[in-house]
Amino acid sequence: MSTMTILSSLTSSLSSLSFSSQISHKPNGLSFARPNSLSLSTRTPPRPLTVLATVASPQEVETADLKKYVKSRLPGGFAAQTIIGTGRRKCAIARVVLQEGTGKLIINYRDAKEYLQGNPLWLQYVKVPLVALGYESNYDVFVKAHGGGLSGQAQAISLGIARALLKVSEDHRVPLRREGLLTRDSRVVERKKVGLKKARKAPQFSKR
């Protein structure tokens, strides 16, 4: 009888419990207040229109002027000229044209002093053949050079001028040969060898 009394009391207590009929199946979330809509009345002022004009530098203008000058002096280009010589040194190749003038020296449509960066040794290389014959102010020199560095190009120009002077007169061969200006310098950088650091430099030897 005691167990029946306990069960009846439990059923009565469960029936007395009341559940809410409306159960929310959505998870609880944080609610944020929406910001007020921005007013369209405040407009940003229009940006001023800027026009960029590129002005050519004096160096570019001078190069363009020299290019026109060279083309006016050499109708038909370098290949159409008669007094022309080709010089080579290392990887540099220079085509040289001589014309009677006042001693101007133009390399790749630029003044020689500017092109060779004012280096006195490189400028001396270029002028040696003309100075050897006393023609430094009698001929204008026009050069197209490419490959190698400025030092190699300067020595290639020297050989090109010497070869062009031979076409002016064959009598120039003896003084130019005496100064060694007609000899092509064939020295180049020796190639690196397998197992060595450079052409001949070997790694440090260790006995143990």
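Here's what I pulled together on the structure shown here.

Cut-offs and rules
- Residues numbered from 1 in each chain as written.
- Predicted model: local features only at pLDDT ≥ 70, side-chain atom pairs only at ≥ 80, totals over all residues.
- Heavy atoms only, no water.
- Pairing = 2+ DSSP bridges.
- Helix = DSSP H or I, 4+ residues; strand = E, 2+ residues; numbered from the N terminus.
- Contact = heavy atoms within 4.5 Å.
- Axes fitted to C-alpha atoms, helices over the stretch in contact; angles between N-to-C directions.
- Core = buried A, V, L, I, M, F, W, Y, C linked by side-chain atoms within 4.5 Å.
- Buried < 20%, exposed > 50% of the residue type's maximum accessible area, 1.4 Å probe, protein only.

### Looking at the sheet that holds strand β2 (residues 92–100)
- Reading across the sheet, the 5 strands line up as β1-β2-β5-β3-β4 and stay open at both edges, with mixed pairing between neighbours. Where the open sheet ends on each side, the last strands, each with one partner, are β1 (84–89) and β4 (110–111).
- Across 8 bridges, the pairing between β2 and strand β5 (residues 139–146) is antiparallel. Bridge pairing in β5 places I93 opposite H146.
- Sheet strands touched by helix α5 (residues 150–168): β1, β2, β3 (105–107) and β5. Its angle to β1, the strand with the most contacts, is close to 150°.

### Observations regarding the nonpolar core
- By size, the foremost hydrophobic cluster in this structure holds 29 residues, and its most contacted members are L116, V141, V143, I157, I161 and L176.
- For this core, the secondary-structure elements that each account for two or more residues are β2, β3, α3 (112–115), α4 (120–133), β5 and α5.
- With 8 residues, the single largest contributor to this core is α5.
- Non-local contacts of I161, meaning those with residues more than four positions away in its chain, are made with V96, L98, V126, P129, L130 and V141.
- Grouped together as the second largest cluster of nonpolar side chains are 9 residues, L66, L74, I84 and Y109 included.

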